[in-house]
Amino acid sequence: MTFQEVIAAARGHVGPVCKACPVCDGSGCKNTIPGPGAKGTGSVSRRNYQAWQDILVNMDTIAPMEPVDTSYTLFGHTFKIPVFAAPIGAVHNHYGDELTEEVYDNALVKGCQDAGIAAFTGDGLADSFFIAGCEAMAQSGFAIPTVKPWSRDLIFQKIDYAKSKGAKIMAMDVDAAGLPFLKNMNPPSGSKSIPELREIIEYAGVPFILKGIMTPKGAMKALEAGASGIIVSNHGGRVLDQTPATATVLPAIVDAVGKDMTILVDGGIRTGVDVFKALALGADAVLIGRPFVTSVYGAGSEGIGIYVQKLAGELRDTMEMCGVHKLSEITGDCLWNSGK
C-alpha cells in the first residue's frame, strides 16, 4: 500500500468528524474535532500547516556523494528518523468508535516500534486512557507516556504506574491546563507553577518533557523547573484560539534555550520536507499527530510503517538535494531567506 491508499482506507473507518483528507491541513474538520482539533475559529491548525509550506529550502547538489544518516538519539534512545507520534487520547471520541483505546494504542506503539521510531501516548478524563498507553508500551515497545496537569497526587500515581510498565521518558502536556474538565476536578487541576513542576519532575526521576511551550519566557520557565526537553506546541489551537504557528515561534525559543535543553516541535508537520525545515529552524526532532491516527485507522500498525517509510524517504531526499548528510548539518543556511 501507498500512504494515500492507507488514508483512503481510513475514510471507511473514521468519522463522522474526521474526513481523512488527502492532505491533513485542518481545513476539512476545522474546529469540530473535540480533541486534536481546534476551538474558536479553528484557524490554528490551518495556520500551523501553512507556515511550514511558506518556508522554502535551498537546493545545493555540489557536495560529496556520501551516505545520508537520518538517525536521531533522544536521551540515550536511538531512532530511525527524528519523528515521534504525538500523544492523542480518547481516539474513539475524536475519530469514531470503531477502535477502542487499547486497540489503537497497541497498533500505534507496535507500528512505531517496528518502524524505528516511538510514540508519545495520551491521557484523558478516564484513567483507562492513560493505562491503555502504558499497557501498550509494556506489551509492544518503547513509548513516552504523557500525563495531563492533574492534581499533584494523581500525577504521582500516574508516574508510578507508567514507570512500573517500563517508562524511561515521560512528558506532560501543560497546555491542557485550559481544558474545562481539568478545572472541574476535585481537587482542582490545571496550570502549574515552576516549584510545582520541579517537584513533579524530580519525583519522576527520568527525563521529563513539557509539551505546550509557545514563548521564550515559557521555555525559560520549563528550564528553571528542570525539564529535560520541551515541545513547542499550541495543541492544535484546542485550548486557545488565535495563537501563532509553531514554526513562527520556534526560532526565538531555540535562541533562548536551545543550548540548554532538547527542543521538539509539533503542529502541522506532514512530510519529510517539513521535518527538514523544522530541524533547520533549530528543533532537534518533531511530533506529528493526526496522520498517525488515520494511518492506524486505515491499516493498523502496517499503516504506521508505510507513513514512516514515506517520511524517511522524503527527509533523506531533501537532505541529499540540499547537500547535507547528517542531521547536525541541517542549519538555517539550508533555508531560503527572502530578506537577504
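The structure displayed is predicted, hence computed values, not measured ones.

## A closer look at the packing of aromatic side chains
Within this structure, the stated rule accounts for eight aromatic pairs. Seen from their ring centres, Phe 156 and Tyr 203 are 3.9 Å apart, and the 5° between their planes marks the pair as stacked. Here Phe 156, found in helix 6 (residues 152-164), pairs with Tyr 203, found in helix 8 (residues 194-204); they are 47 residues apart in sequence, far enough to count as distant. Residue classification places Tyr 203 among the partly exposed positions, given a relative accessible area of 35%.

## Thoughts on the pattern of salt bridges
Counting across every chain of the model gives nine salt bridges. The residue Lys 148 makes a salt bridge to Asp 173 at a minimum N-O spacing of 2.7 Å. Separated by 25 residues along the polypeptide, Lys 148 in the loop between strand 5 (143-147) and helix 6 and Asp 173 in strand 6 (residues 170-173) bring together distant segments of the chain. Residues Lys 148 and Asp 173 agree in their burial class; the two are buried. The residue Arg 152 makes a salt bridge to Glu 199 at a minimum N-O spacing of 2.9 Å. Placement of the pair is Arg 152 in helix 6 and Glu 199 in helix 8, with a sequence separation of 47 residues. What you see here is one network of salt bridges that share partners, running through Asp 123, Asp 127 and Lys 158.

## Section: the environment of Val 254
Among the structural elements, Val 254 can be located in helix 10 (residues 246-257). Expressed as a C-alpha distance, the spacing of Val 254 and His 77, which sit 177 residues apart in the sequence, is 22 Å. Excluding anything up to four places from it in sequence, Val 254 contacts Ile 263, Leu 281, Gly 282 and Ala 283.

## Notes on the packing of helix 5 (residues 127-140) against helix 6
Contact pair helix 5 / helix 6: the axes reach a minimum separation of 9 Å and the direction vectors enclose 20°. Taken together, the axes of helix 5 and helix 6 are roughly parallel relative to one another. Here helix 5 runs over helix 6; the crossing is right-handed. Taking contact as the criterion, the partners of Asp 127, Phe 130, Ile 131, Cys 134, Glu 135 and Met 137 in helix 5 are, on helix 6, Lys 158, Tyr 161 and Ala 162.

Analysis parameters
- Residues numbered from 1 in each chain as written.
- Predicted model: local features only at pLDDT ≥ 70, side-chain atom pairs only at ≥ 80, totals over all residues.
- Heavy atoms only, no water.
- Phe/Tyr/Trp six-rings, centres within 6.5 Å; stacked < 30°, edge-to-face > 60°.
- Helix = DSSP H or I, 4+ residues; strand = E, 2+ residues; numbered from the N terminus.
- Buried < 20%, exposed > 50% of the residue type's maximum accessible area, 1.4 Å probe, protein only.
- Salt bridge = Lys/Arg side-chain N within 4 Å of Asp/Glu carboxyl O.
- Contact = heavy atoms within 4.5 Å.
- Axes fitted to C-alpha atoms, helices over the stretch in contact; angles between N-to-C directions.
- Parallel < 35°, antiparallel > 145°, perpendicular 65-115°, else oblique.
- Left-handed = near helix turned anticlockwise from the far one by under 90°.

All quantities given are derived from atomic positions and should not be read as evidence of function.
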